[in-house]
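Listed below, chain by chain, are the residues.
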Amino acid sequence: VGQNLVTLKEVDSTNNFLKSILSNSKPVPDGTVIMAESQYAGRGQHQNTWHAQPGKNLTFSLLLKPHFISPTQQFDLTRAVSLGVYDALQPLLGDDLKIKWPNDIYFGNRKLGGMLIENMIQGGQIKNAIVGIGLNINQDNYPESAGSAISVKQILQRDYDLKDILSEICSHIEGWYLKLKAGKTDLVRSTYLSRLYRLNEASEYRSNWETFTGTIKNVVDNGLLVVERNGTEEQYNLKEIEFLN
Ligand code: BTN
């Protein structure tokens, strides 16, 4: 992952760019990384836009061809990629780093970054996975809408070389991806769970317009979040539950 690196000055979205070169006839090698200094239409989860100060943050997409993962198990890819990003940043940031379900990277209660994974399914298999990752590295100010965002610089009081961090991320993602490929799915699942934000901690959620106190208990194989609520366990998908703080 990352051997074939393309750096763009400006693009709408690195996910879109990768998608468009895939639909041209030339083959794109597995592990290709498209990085942009700036995106003018960066996309996030839930149809949100993703903002990043030009040149200060990591915004990139990588191409994987996980033919060995069946579409029903695609959350394993989310787990492996999240763990790769986690392991690349953990030596810098320590154990306050967490993975917030499904795939946000948190430091304490603040968001360092996230990902947008778009799987292209064909003939019952994941033909291409476009893994878009946005991480706040050297950003020092944010628009109001950024909510709980924080950058590595704000935590550690120094600037970091984007390409150095990118190469750490690529090698750790590759490591977890190869574990998945080697059938070590249980290890991927249990490690993901052990890094999870708010696991076994009561907190506030919203689902179907009601707010409630619940406790995350698990993430099941297919990626649904298991929350205990008044003594019963309920499973939620990304559209059904929202963290309130
Ligand atoms: C989120 O937390 O909402 C996911 C953010 C994902 C942003 C990255 S930046 C690189 C790639 N290109 C995009 O348009 N989005 C992802």
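Note that the structure is predicted; figures quoted are calculated from it, not measured. Residue indices begin from 1 for each chain and proceed along its sequence in written order. Given that the model is predicted, a residue must reach a pLDDT of at least 70 before its local features are reported, and side-chain atom pairs must reach 80 or more before they are shown or counted; all residues, however, enter totals for whole chains, interfaces and linings. Just so you know, side-chain values use all the structure's heavy atoms and leave hydrogens and water out.

Participant: Would you explain the domain arrangement of the protein chain in this entry?
Facilitator: How big an interface is tends to be stated in terms of the accessible area lost upon association of its parts. Domain segmentation is taken from an automatic or database assignment of domains. Once the domains are mapped, the protein chain shows domain 1 (5-194) and domain 2 (202-243). With centres defined by C-alpha atoms, the gap from domain 1 to domain 2 works out at 24 Å. In this analysis, two residues are considered to be in contact whenever any of their non-hydrogen atoms come within 4.5 Å of each other. The interface is formed by 12 residues belonging to domain 1 together with 13 residues belonging to domain 2. Here the quantity called buried area is the accessible surface, traced with a 1.4 Å probe, that two parts lose on coming together, added over both. Regarding the contact of domain 1 and domain 2, the summed buried area is about 1,000 Å², with carbon and sulfur atoms giving 68% of it. Definition used for salt bridges: Asp or Glu carboxyl oxygen within 4 Å of a side-chain nitrogen of Lys or Arg. Where domain 1 touches domain 2, the interface holds one salt bridge. A salt bridge links Asp-221 to Arg-189; the shortest N-O distance between them is 3.2 Å. For the purposes of these results, a polar contact is taken to be a pair of N or O atoms within 3.5 Å, where, inside protein, one atom must be able to donate a hydrogen and its partner to accept one; residues adjacent in sequence count only when each atom of the pair is a side-chain atom. Taken together, the connections running from domain 1 to domain 2 amount to four residue pairs in polar contact (both at pLDDT 80 or more).

Participant: Would you mind going over the nonpolar core with me for this structure?
Facilitator: In globular proteins that are soluble, nonpolar side chains generally tend to be buried together. Residues belong to a common nonpolar core when they are buried Ala, Val, Leu, Ile, Met, Phe, Trp, Tyr or Cys residues joined through side-chain atoms within 4.5 Å. Any residue under 20% of the maximum accessible area for its type is buried, any over 50% is exposed, and the rest in between are partly exposed; the area is computed with a 1.4 Å probe on protein chains only. Counting 59 residues, the largest nonpolar core has Leu-58, Leu-112 and Ile-133 as its most contacted members. Top element by residues in this core is helix α2 (residues 75-93). It accounts for 10 residues. Two domains share this core, each providing at least three of its residues, namely domain 1 (5-194) and domain 2 (202-243). Ranked by size, the runner-up nonpolar core spans nine residues in total, among them Val-11, Leu-18, Ala-36 and Ile-130. Comment: elements are numbered from the N terminus, with helices defined as DSSP H or I runs of at least four residues and strands as E runs of at least two.

Participant: I'm lost on the pattern of salt bridges in this one. Help?
Facilitator: Note that side chains of opposite charge can pair when their charged atoms are close. For the coordinates displayed, the defined rule picks out 12 salt bridges. A salt bridge links Lys-56 to Asp-140; its shortest N-O distance comes to 3.6 Å. You can see Lys-56 sitting in the loop between β2 (33-39) and β3 (58-64) and its partner Asp-140 sitting in the loop between β7 (125-135) and α3 (152-156), a full 84 residues away along the chain. On the basis of relative accessible area, Asp-140 is assigned to the partly exposed category, the value being 35%.

Participant: Would you mind going over the sheet that holds strand β5 (residues 104-107) with me for this structure?
Facilitator: Sheets are built from strands that pair by backbone hydrogen bonding, the pairs being arranged parallel or antiparallel. One requirement defines pairing of two strands: DSSP has to find at least two bridges between them. Strands sit in the order β1-β2-β3-β7-β6-β5-β4 across an open sheet of seven strands; the sheet is mixed. Two strands lie at the open edges of the sheet, namely β1 (5-11) and β4 (97-100), each paired on one side alone. Strand-to-strand twist across the sheet, computed as the mean angle between neighbouring axes with direction ignored, equals 20 degrees. Summarising the sheet, β2 and β3 pair through three bridges and their orientation is antiparallel. In the sheet register, Met-35 faces β3, and the bridge partner there is Phe-60. Fitting a line to C-alpha atoms yields each axis, with helices limited to the stretch in contact; the angle taken between N-to-C directions then spans 0 to 180 degrees. α2 rests against β3, β4, β5, β6 (110-122) and β7 of the sheet, and its axis sits at about 150 degrees to β6.

Participant: Looking at this model, I keep getting lost on the pairing of β6. Mind explaining?
Facilitator: In the case of a regular strand, side chains alternate between the two sheet surfaces. When β5 meets β6, the two strands line up antiparallel, connected through three bridges. Within the sheet, the bridge partner assigned to Phe-107 lies in β6 and is Arg-110. Counting the residues that bridge the hairpin from β5 to β6 gives two residues, and of these Gly-108 lies at a positive phi of roughly 55 degrees. Looking at chain direction, β6 and β7 are connected through 10 bridges and run antiparallel. Paired with Ile-117 across the bridge in β7 is Val-131. Here β6 hands over to β7 after two residues, with Gly-123 in that stretch at a positive phi of 60 degrees.

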